[in-house]
Amino acid sequence: MQKLYFFLLFFTSFGLFAQQEEDLLLSGPMVGYCEMREVMLWVQTNGPALVQFEYSTGQGSKIIYKTETYQTRLSEAYTARLIADQVKPGQIYSYKLLINGKEVSRPYAMTFQTPPLWQWRTDPPEFNFALGSCAYINDEPYDRPGNPYGGDYRIFQSIHKKNPDLMIWLGDNTYLREADWYSNTGIIHRYTHTRHVDELQALLASTAHYATWDDHDYGPNDSDYTFRDKDLTYRAFQLFWGNPSYGIGNKGGVTTSFEWGDAQFFLLDNRYFRDPNNRKSGKKSILGEEQLQWLIDALVGSTAKIKFVCIGGQVINTSGESETYSAIAPEERDYILNTIAAEGIKNVIFLTGDRHHAEFSVFEKYGVKIYDFTTSPLTAGIHNHPEEANTLRVPDSYFGQKNFGMIEITGKRLERKVKLSLYDTDGKPLWSTEVEVVN
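Figured I'd write up the structure that's included with this text. (Residues numbered from 1 in each chain as written. Predicted model: local features only at pLDDT ≥ 70, side-chain atom pairs only at ≥ 80, totals over all residues. Heavy atoms only, no water.)

## Quick look at the packing of aromatic side chains
- Enumeration over the complete set of coordinates arrives at 35 aromatic pairs.
- Where tryptophan 169 meets tryptophan 241, the ring centres are 5.4 Å apart and the plane angle is 50°; that geometry is what we call tilted. Of the two residues, tryptophan 169 sits in strand E11 (residues 166-170) while tryptophan 241 sits in the loop between helix H6 (230-240) and strand E13 (256-260), which places them 72 residues apart along the sequence.
- Ring geometry for phenylalanine 373 and tryptophan 431: centres 5.9 Å apart, planes at 40°, overall tilted. With a gap of 58 residues between them, phenylalanine 373 in strand E18 (residues 368-374) and tryptophan 431 in strand E21 (residues 429-436) connect regions that are remote in the sequence. The pair phenylalanine 373 / tryptophan 431 is uniform in exposure class, with both members buried.
- Taken together through their ring pairs, the aromatic side chains of Phe156, Trp169, Trp181, Tyr182, Trp213, Tyr218, Phe227, Phe237, Trp241 and Tyr246 make up a single cluster.
- Here arginine 195 stacks its cationic end above the ring of tryptophan 42, 4.7 Å away from the centre of that ring.
- Sitting over the face of the ring of tyrosine 272, lysine 230 holds its NZ or CZ atom 4.1 Å from the ring centroid. (Phe/Tyr/Trp six-rings, centres within 6.5 Å; stacked < 30°, edge-to-face > 60°. Helix = DSSP H or I, 4+ residues; strand = E, 2+ residues; numbered from the N terminus. Buried < 20%, exposed > 50% of the residue type's maximum accessible area, 1.4 Å probe, protein only. Lys NZ or Arg CZ within 6 Å of the ring centre and 35° of its normal.)

## What to know about the sheet that holds strand E16 (residues 348-352)
- Pairing is mixed across the open sheet formed by six strands, whose spatial order is E13-E14-E15-E16-E18-E17. On the outer flanks of this sheet lie E13 and strand E17 (359-365), each paired with one strand and no other. With strand direction ignored, the average angle separating the axes of adjacent strands in the sheet is 20°.
- Alignment of E16 against E18, held across five bridges, turns out to be parallel. Residue threonine 352 lies in a different strand from E18, and its bridge partner there is threonine 374. (Pairing = 2+ DSSP bridges. Axes fitted to C-alpha atoms, helices over the stretch in contact; angles between N-to-C directions.)

## A closer look at the environment of leucine 337
- Position of leucine 337 relative to the elements: it lies in helix H9 (residues 330-342).
- Residue classification places leucine 337 among the buried positions, given a relative accessible area of 0%.
- Through-space distance from the C-alpha of leucine 337 to that of methionine 36 is 33 Å; in sequence the pair is 301 residues apart.
- Apart from the residues lying within four places of it in its own chain, the contact partners of leucine 337 are Val315, Ile316, Phe350, Phe363 and Ile370. (Contact = heavy atoms within 4.5 Å.)

## A closer look at unusual backbone geometry
- Cis rather than trans, the peptide bond between glycine 28 and proline 29 has omega equal to 5°.
- Relative to the helices and strands, proline 29 is located in strand E1 (residues 25-34).
- Residue proline 377 is reached from serine 376 by a cis peptide bond, and omega for that bond is -5°.
- Following the sequence through the fold, proline 377 ends up in the loop between E18 and strand E19 (404-410).

## So, the pairing of E11
- A large share of E11 lies buried, amounting to five of its five residues.
- Residue alternation in E11 divides its side chains into two sets, Leu166, Ile168 and Leu170 and Met167 and Trp169, and both sets are buried.
- Alignment of strand E10 (residues 127-132) against E11, held across four bridges, turns out to be parallel. Within E11, the residue paired with phenylalanine 129 across the bridge is leucine 166.
- Taken together, E10, helix H2 (residues 154-161) and E11 form a β-α-β motif whose crossover is right-handed. (Right-handed = clockwise from strand over helix to strand, strands pointing away.)

Function-wise, these values are silent; they only describe arrangement.
So, in structure tokens, the structure goes:
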């Protein structure tokens, strides 16, 4: 009887301990940037804990690699960004999360992949990626009274089912409320609350995620460089996303770029350096002089065939409505588009959000076509205004409902195809088109 008592006590204690480790997981894990020789993995616990990842090339693999162990802490919102630095190009890895030395299993696949080393060897790889903006997660004590502004988080599950290689978050990835704006406590609460939603977790665990921001995850509505606590939201963005870099030099902001196959992605910051929208005198800028120059030079210097420029607000839209470029900084908009055309930079596609509707616009000058694919909102409220006078909108491309985008890049080196598709919350197709890739 005494042996049975200690036997039961041991296994009861063991089960309790294992449950405690699982309970320490708050959000994630999430796959961040993926390069040929390293991958970033993210996780958030709900208290101090030792976290680590193990990874291998598949079931039955005899070689298990490990990241370093990291102690999560309150000053970093109990987040950890760990590097898998024993990877090789063009491989798919499965991984495990360990908290306090114990594996924490999840009811979905936990995998990541590294880009293939194709240069000088093969045709560029075929791949696809998802994109979207405006993810509002309801939080009743802090929401405005009345009907909930957010909802239907199933869209994250629908994106996951499309099995994207990457996901580009185009801003308003969380919505800071009035109670959040002016304290680190409020900002961290909001980022944590959004990241914790159940429907999002499977997507986080098996797709590489890259992000820029817009006003609501940067600060107050329509905020600009004068926002007092932008360095707090800048720090929160770094804690909760896994981009390969942040900003140009030491100037701040979330600007970065990365390559996948024969495409290069340029993630711009349209808030950190932005002049006030309502300023009536002087030359107004959204990107700021240094970031603007960087964008043009980076596009000119890029050797990638296809160039995706990711920014929170619409660039090509001519309507002059809301926070479109034509409404806020028309001279800067014209400079960007005219310079891309004058420089003969081919295959530039702006990926934009913010507007709470979807549409596709095309600008052409000097024989150069520039595209703007807007996808919005993911879960936030819908602003349906199809009568808006965007003269460069492609007919039948406007959708005033919740949506996400998918882009597929296929074909051999000199026969590349870019297919843009729009889907509803359930993952059903709404619209698609193919963009000509100019060699």
